[in-house]
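So you can see what is in the structure, the chains are spelled out below.
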Amino acid sequence: MIPASYIIIRPPVEAFSVLIPITGGCSWNRCRFCNTYRNSFNNQNVLIQKYEIRELEQIYIDIDIWSKEVPQAQSVFLGGGNALSVPTAQLASILKRIKHNFHHVRRVSCYAKVLDILQKSEEELKTLQNLGLSICYIGIESGYNILLKYMHKGQTQKMEIRAIQKLMSCGIKASLYIILGLGGRKWSKMHAKETAKVINAVNPTIFRFRTLNVLPGSPLEQEIKMKKFEILTPREVLEEEFLLLSKIESKITSQFRNDHISNYTTTESENFGQDKEYILQELHFLINSDEVSKWKHKNLKSM
Ligand code: SF4
């Protein structure tokens, strides 16, 4: 079993941040498409890192070491599948220690699950924001309720909207992840349309795309083998992306990033509404090019 002090996953944008592990594993660990904290050995799906909140003293030791190693650090990422699941008092102590030790930090971030955000009061979230928590990375994955249920995501569109609005009203930025292709062929259109509704309702700080890659040993891999779930071709993924983006209203000022190796385009924007028409034109051009017909599904072994 991999110890909680080892961070298995972090956002690409945090590559140059100080990484402080707060929890091991994921407090939920039930999403059908995810195998981040599991792996398959001898046809068995086994846990490789269990959910565990690290001892405060151990976290303090890491903060003390890294603040001496990189005193000029400007960003700190609190590691773990859903670090916001940690009790507020403990998170507050961690943030205070970071504030005390690192004098140049401008961004402290962590992954957060919708359910964990909803379980914190506004007062708690404001306390964390005052102590330096500046941005949460939230896997909404989709806004389509049927798909969210099928994927065992443990949240609904309504919950997503409430959680993101709550977080942002407390001054914490929201960076949303959406998985293109998550609905397979059957739910592609509904996935696109219902996810756009979430973006329109919350105007998040940032939204980012990932493309579905079925990880070896994940429950979804079994569904595909049994032909119950059909993976989209690269062109179908781009068509889904086009539909989703076309449904987002031009008043949306969010930053938009297509910044992951799993994606088929690398479009980025500082203000989606302003760049919407240009982005759609480029996508339309790509979808209709011959080049796309030659592309193969990426089949990454990790996300
Ligand atoms: S997708 Fe996120 S919330 Fe779901 S099991 Fe994986 S790490 Fe946990």
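These numbers were taken from a predicted model, which means no experiment stands behind them.

A. Representation of the site of the ligand within the structure. If you check the shell around the ligand, you find Cys26, Asn29, Arg30, Cys31, Phe33, Cys34, Tyr37 and Lys153 and nothing else. Taken together, the residues of the shell around the ligand break down into five nonpolar, one polar and two charged.

B. Molecular detail of the packing of helix α7 (residues 184–202) against helix α9 (residues 234–247). Contact pair α7 / α9: the axes reach a minimum separation of 8 Å and the direction vectors enclose 30°. Considered as vectors, α7 and α9 are oriented roughly parallel to each other. Crossing handedness for the pair α7 and α9: right-handed. Across the interface between the two elements, Arg185, Ser188, Lys189, His191, Ala192, Lys193, Thr195, Ala196 and Asn200 from α7 touch Glu236, Glu240, Leu243, Leu244 and Lys247 from α9. Class assignment of the residues belonging to the contact of α7 with α9 gives a composition of four nonpolar, four polar and six charged.

C. Seen up close, the pattern of salt bridges. Taken as a whole and judged by the stated rule, the model has 14 salt bridges. Arg210 is the partner of Asp259 in a salt bridge, and the nearest nitrogen-oxygen pair spans 3.1 Å. On the criterion of sequence distance, the pair formed by Asp259 in the loop between β11 (255–257) and β12 (268–269) and Arg210 in strand β10 (residues 206–211) is long-range, its members being 49 residues apart. Owing to a relative accessible area of 8%, Arg210 belongs among the buried residues under this scheme. If you follow the salt bridges from partner to partner, you end up with Arg185, Glu230 and Glu236 in one network.

D. Structural view of the layout of surface pockets. Volume-wise, the largest pocket comes out at about 820 Å³. As for the largest pocket, its lining consists of 40 residues, of which Ile9, Phe33, Cys34, Thr36 and Glu141 are closest to the centre. Listed by contribution, the elements that provide at least two residues to the lining of the largest pocket are β8 (133–141) and β9 (173–180). Class assignment for the residues of the lining of the largest pocket results in 22 nonpolar, 10 polar and eight charged.

E. Geometry of helix α2 (residues 88–101). Between its first and last C-alpha atoms α2 spans 20 Å; for 14 residues at 1.5 Å apiece the expected length is 20 Å, and the two agree. Thr88, Leu91, Ala92, Ile94, Leu95, Ile98 and Asn101 are the residues of α2 that are buried. Taken together, the buried residues of α2 touch α1 (56–69), β6 (75–79), β7 (107–111), α4 (122–130) and β8.

F. Main features of a nonpolar patch on the surface. Together, Ile61, Ile65, Trp66 and Val70 make up an exposed nonpolar region whose accessible area comes to about 340 Å². Positionally, Ile61 belongs in helix α1. Residue Ile61 is classed as partly exposed on the basis of its relative accessible area, which comes to 43%.

G. Spatial organisation of the packing of α2 against α4. Remark: α2 packs on α4, axes separated minimally by 9 Å, with the N-to-C direction vectors making an angle of 15°. The orientation of α2 relative to α4 falls into the category roughly parallel. Crossing geometry of α2 relative to α4 is assigned as left-handed. For the pair formed by α2 and α4, the contact residues are Thr88, Leu91, Ala92, Leu95 and Lys99 on the first element and Glu124, Leu128 and Asn130 on the second.

H. Main features of empty space enclosed by the protein. Applying the stated criterion across every chain yields a total of two cavities of 30 Å³ or more. Roughly 40 Å³ of volume is contained in the largest cavity. Lining the largest cavity are Leu180, Gly181, Thr211, Leu212, Ile231, Leu232, Val237 and His297. Looking at the lining of the largest cavity, its residues break down into five nonpolar, three polar and no charged. Together, Tyr6, Ile7, Ile8, Ile9, Thr23, Tyr37, Gln49, Gly80 and Gly81 line the second largest cavity.

Thresholds, definitions, all that
Residues numbered from 1 in each chain as written. Predicted model: local features only at pLDDT ≥ 70, side-chain atom pairs only at ≥ 80, totals over all residues. Heavy atoms only, no water. Near = heavy atom within 4 Å. Nonpolar A, V, L, I, M, F, W, Y, C, P; charged D, E, K, R; others polar. Axes fitted to C-alpha atoms, helices over the stretch in contact; angles between N-to-C directions. Helix = DSSP H or I, 4+ residues; strand = E, 2+ residues; numbered from the N terminus. Parallel < 35°, antiparallel > 145°, perpendicular 65-115°, else oblique. Left-handed = near helix turned anticlockwise from the far one by under 90°. Contact = heavy atoms within 4.5 Å. Salt bridge = Lys/Arg side-chain N within 4 Å of Asp/Glu carboxyl O. Buried < 20%, exposed > 50% of the residue type's maximum accessible area, 1.4 Å probe, protein only. 1 Å grid on protein atoms, 1.4 Å probe; cavity = no way out; pocket = protein on both sides within 12 Å on 5 of 7 lines; lining within 4 Å. Points joined across faces, edges and corners; volume = space filled by probe spheres on them. Expected span 1.5 Å × (residues − 1). Patch = residues over 30% accessible without salt bridge, like charges linked within 9 Å, V, L, I, M, F, W, Y side chains within 5 Å. Areas by Shrake-Rupley, 256 points an atom, 1.4 Å probe, with all protein chains shown as cover.

Just geometry here; none of it tells us what the structure is for.
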